[in-house]
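# Residue-level structural notes
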Amino acid sequence: MSVTSDNKTWFQRIEDMHPYETLLYLGMFGSGLIFLFLTVAFLFSGLDQLGGMNKKIPVSFLISTFLLVSSGYTATRIRIYFQEENAEKVIRALGITLLLGLLFTGLQITGWKELQSMGIDFQGIPSGSFLYVLSGIHIFHLLGAMIFALILWAQLRNRKNDEVKRLILFTNPFEKMRLRLFTVYWQFMDGIWLILFLLFAVSL
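The following paragraphs examine the structure supplied in this document. Just so you know, these numbers come straight off a predicted model, no measurement behind them. (Residues numbered from 1 in each chain as written. Predicted model: local features only at pLDDT ≥ 70, side-chain atom pairs only at ≥ 80, totals over all residues. Heavy atoms only, no water.)

An ideal rise of 1.5 Å per residue puts 45 Å on 31 residues; helix α8 (residues 173–203) measures up with 45 Å between its terminal C-alpha atoms. Two to three positions downstream of the cap, the backbone nitrogen of F174 sits 3.0 Å from a side-chain oxygen, assigning the N-cap of α8 to N172. (Helix = DSSP H or I, 4+ residues; strand = E, 2+ residues; numbered from the N terminus. Expected span 1.5 Å × (residues − 1). Polar contact = N/O pair within 3.5 Å; in protein donor to acceptor, adjacent residues only side chain to side chain.)

If you want it as structure tokens, here you go:
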């Protein structure tokens, strides 16, 4: 007797996942734990000292947050355009998402310089150090997504003018899964940063 998807246990559903999908979700779970532990450490690292400095959130962090939220929207459009089998729009949306990610990374580095100009450096009070650690680890995680986005972008550009490769692209479930996993991970990193940004805004 076959088991329907509604009747499958949680473990059976995991077994049915593609290995890439399983690895991604396990990686996201591990990353979530890392950020959770660091956030708890940040909250208990003496925020009263940081708050007492009467500093403001770096402007670069504000702008970069807007860009990353925008990239979450363009990442969502990637899946929609793929379902429409519009290769040009998929490539454009993927390229814009990658560009916004690069701009976000650059502005994060600028934000660190703003923190230093405020007197908050990596060797100062523990809370100040955690601002660098949390944002730095987030950038590290995002870099992996950007490298993958660059690979996808190059592969899609290579296939868009070949009718056979284009047909295979839109009919291959593996390709659809790759784009879906990319958008899921990208939006996961969006959510992580929004939580960190709100935490930084409250603490400064």
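Taken as a whole and assessed by the stated rule, the structure comprises 3 salt bridges. A salt bridge links E21 to R180, with the nearest nitrogen and oxygen atoms 3.1 Å apart. Placement of the pair is E21 in helix α2 (residues 19–43) and R180 in helix α8, with a sequence separation of 159 residues. When its relative accessible area of 12% is taken as the criterion, E21 is described as buried. Between R159 and E175 there is a salt bridge, and its shortest N-O distance comes to 2.9 Å. Of the two residues, R159 sits in helix α6 (residues 126–159) while E175 sits in helix α8, which places them 16 residues apart along the sequence. On the basis of relative accessible area, R159 is assigned to the partly exposed category, the value being 21%. With relative accessibility at 8%, the residue E175 sits in the buried group. Shared partners join several salt bridges into a network, and the residues in it are R159, E175 and R178. (Salt bridge = Lys/Arg side-chain N within 4 Å of Asp/Glu carboxyl O. Buried < 20%, exposed > 50% of the residue type's maximum accessible area, 1.4 Å probe, protein only.)

With that out of the way, let us pick up the packing of helix α5 (residues 87–117) against α8. How two helices sit against one another is set out by the angle between their axes and by the gap between those axes. Across the interface, α5 lies against α8 with an axial gap of 13 Å and an inter-helix angle of 30°. When the axis of α5 is compared with that of α8, the two are roughly parallel. The two elements α5 and α8 meet at a crossing, and its hand is left-handed. For the pair α5 and α8, the contacting residues are V90, L94, T97, G101, F104 and Q108 in the first and L179, F182, W186 and W193 in the second. Taken together, the residues of the contact of α5 with α8 break down into 7 nonpolar, 3 polar and no charged. (Axes fitted to C-alpha atoms, helices over the stretch in contact; angles between N-to-C directions. Parallel < 35°, antiparallel > 145°, perpendicular 65-115°, else oblique. Left-handed = near helix turned anticlockwise from the far one by under 90°. Contact = heavy atoms within 4.5 Å. Nonpolar A, V, L, I, M, F, W, Y, C, P; charged D, E, K, R; others polar.)

On to the side chain of S60. Structurally, S60 can be placed in helix α4 (residues 59–83). By relative accessible area, S60 is classed as buried at 5%. When near neighbours in sequence (up to four residues on either side) are disregarded, S60 contacts L107, T110, G111 and E114.

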